[in-house]
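Here's the letter readout for the chains.
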Amino acid sequence: MENTKTIATLTELLHITNDRIKGFENVEGKVWESYSDLKGEYDKMISQSKIMKNEIINLITERGGNPDEEASSFAGSLHRTWIDIKNSIPKSNNDKETLENVVFGEKHAIEAYDNALKSGDLCNESSTVIAEQLRQLRISYHQFNNTEHYKSKED
């Protein structure tokens, strides 16, 4: 039973990680003219997300699960659609809103990871890997949450 719970919880986190990667792909190239100093950190987030995805896939596979490597959550798909709609409407600062959406997505991922760790549904090895991934998520969240520095770039 523990193995089944672990696989189910890891699968949810895989969907969240896929949501992050797809969300990052939607942002790619949209804000770097205005926020070029964040580009390196953003690229690092993308690389980390791909590593995190592979780690979760390995954990699921090692426990006998069959990971759907491209699936994302319904909430993530809905959020990306909403972002696309918002970005299609002309506004004064879509770049700042795009960064705020990155922060929103990171906050959602942190909550999902935190809930997974608190659930008790993860085996010890999985808990260790997910706790480290959560630490990385918090670092990227804090990096992009500090938008006060960037408000001076508003039009």
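Cut-off values and rules
Residues numbered from 1 in each chain as written. Predicted model: local features only at pLDDT ≥ 70, side-chain atom pairs only at ≥ 80, totals over all residues. Heavy atoms only, no water. Helix = DSSP H or I, 4+ residues; strand = E, 2+ residues; numbered from the N terminus. Buried < 20%, exposed > 50% of the residue type's maximum accessible area, 1.4 Å probe, protein only. Contact = heavy atoms within 4.5 Å. Core = buried A, V, L, I, M, F, W, Y, C linked by side-chain atoms within 4.5 Å. Salt bridge = Lys/Arg side-chain N within 4 Å of Asp/Glu carboxyl O. Axes fitted to C-alpha atoms, helices over the stretch in contact; angles between N-to-C directions. Parallel < 35°, antiparallel > 145°, perpendicular 65-115°, else oblique. Left-handed = near helix turned anticlockwise from the far one by under 90°. Nonpolar A, V, L, I, M, F, W, Y, C, P; charged D, E, K, R; others polar. Polar contact = N/O pair within 3.5 Å; in protein donor to acceptor, adjacent residues only side chain to side chain.

Draft legend 1. Focus on the overall build of the chain. Across its full length, the chain holds five helices and zero strands. Listing the helices and strands of the chain from first to last along the sequence gives α-α-α-α-α. Of all 155 residues assigned to the chain, the portion counted as buried reaches 43%. Summarising the internal contacts of the chain: among those between residues at least 6 apart in sequence, 78% fall at separations of at least 24.

Draft legend 2. Geometry of the nonpolar core. Of all hydrophobic cores here, the largest spans 33 residues; its most connected members are L10, L13, Y42, I56, Y113, I130 and F144. Contributing elements (two or more residues each) for this core: α1 (2–27), α2 (39–62), α4 (94–119) and α5 (124–145). Apart from residues no more than four positions distant in its own chain, L10 is found in contact with I56, L59, I60, R63, L122, S126 and I130.

Draft legend 3. The environment of D19, seen in detail. Relative to the assigned elements, D19 resides in helix α1. Placed 30 residues apart in sequence, D19 and S49 show a C-alpha to C-alpha distance of 9.9 Å.

Draft legend 4. How the structure looks around the pattern of salt bridges. Taken as a whole and judged by the stated rule, the model has six salt bridges. Between E125 and R63 there is a salt bridge whose closest N-O contact spans 2.7 Å. One end of the pair, E125, is in helix α5; the other, R63, is in the loop between α2 and α3 (74–88), and 62 residues separate them in sequence. Close ionic contact of D114 with K118 constitutes a salt bridge, the shortest N to O distance being 3.0 Å. Taken as a pair, D114 and K118 lie in helix α4 at a separation of four residues, close to a single helical turn. You can call K118 exposed: its relative accessible area is 64%. A cluster of three or more residues bridged by salt bridges with shared partners is formed by E62, R63 and E125.

Draft legend 5. Highlighting the packing of α2 against α5. Interhelical geometry of α2 versus α5 gives an angle of 165° and a closest axis separation of 11 Å. The angle between the axes of α2 and α5 places the two elements in the roughly antiparallel class. Of the two possible hands of crossing, α2 and α5 adopt the one that is left-handed. Along the contact surface, α2 presents E41, Y42, M45, Q48, M52, E55, I56, L59 and E62, while α5 presents E125, S126, V129, I130, Q133, Q136, L137, S140, Q143 and F144. Grouping the amino acids of the contact of α2 with α5 by side-chain chemistry returns nine nonpolar, six polar and four charged.

Draft legend 6. Expanded view of the side chain of R63. R63 sits in the buried class, given a relative accessible area of 13%. In terms of polar contacts, R63 uses its side chain to reach the side chain of E62, at 3.3 Å. Residue contacts for R63: discarding those within four places in its chain leaves N3, T6, I7, L10, C123, E125 and S126.

Draft legend 7. Region of the structure containing the packing of α1 against α2. Where α1 contacts α2, the two axes come as close as 9 Å, and the packing angle between them is 155°. When the interaxial angle is binned, α1 and α2 end up roughly antiparallel. For the crossing formed where α1 meets α2, the hand is left-handed. Grouping the constituent residues of the contact of α1 with α2 by class yields 15 nonpolar, five polar and four charged.

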